[in-house]
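Each chain is listed here by its residues.
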Amino acid sequence: MLTMLVIATTNQNKLKEIKEILKDLDIEVRSLADFGPIPEIIEDGANFDDNANNKAWQTAKILG
């Protein structure tokens, strides 16, 4: 069974890099652009980790 991984980004260069890294795995990599309009998630955390965590949780909540 194919696993889908949603990358919470609209940055096509970042998506391309991640797809290249995962190319040998049985994973379908998708981005926010694949799901239609999604509200912008404000990155107001204290650091990169806070922002990444918040973006992942908010995206998961939005996409169900």
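Structural data are supplied above this passage.
These notes cover the structure that comes with them.

Reading guide: rules and limits
Residues numbered from 1 in each chain as written. Predicted model: local features only at pLDDT ≥ 70, side-chain atom pairs only at ≥ 80, totals over all residues. Heavy atoms only, no water. Helix = DSSP H or I, 4+ residues; strand = E, 2+ residues; numbered from the N terminus. Pairing = 2+ DSSP bridges. Right-handed = clockwise from strand over helix to strand, strands pointing away. Buried < 20%, exposed > 50% of the residue type's maximum accessible area, 1.4 Å probe, protein only.

1. Here's the deal with the environment of D26
Take D26: it is sitting in the loop between helix 1 (12-21) and strand 2 (27-31). Along the chain, D26 and D50 lie 24 residues apart, while their C-alpha atoms are 29 Å from each other.

2. Considerations on the pairing of strand 1 (residues 3-7)
When a strand is regular, its side chains alternate between the sheet's two faces. Bridging between strand 1 and strand 2 involves 5 bridges; their strand directions are parallel. Along strand 2, the bridge assignment pairs V6 with R30. Viewed along the sheet, the connection from strand 1 through helix 1 into strand 2 turns out right-handed.

3. Digging into the environment of F35
Locating F35 in the fold gives a position in the loop between strand 2 and helix 2 (48-63). Classification of F35 by relative accessible area gives partly exposed; the value is 29%.

Such coordinate-based values are descriptive only and should not be taken to indicate function.
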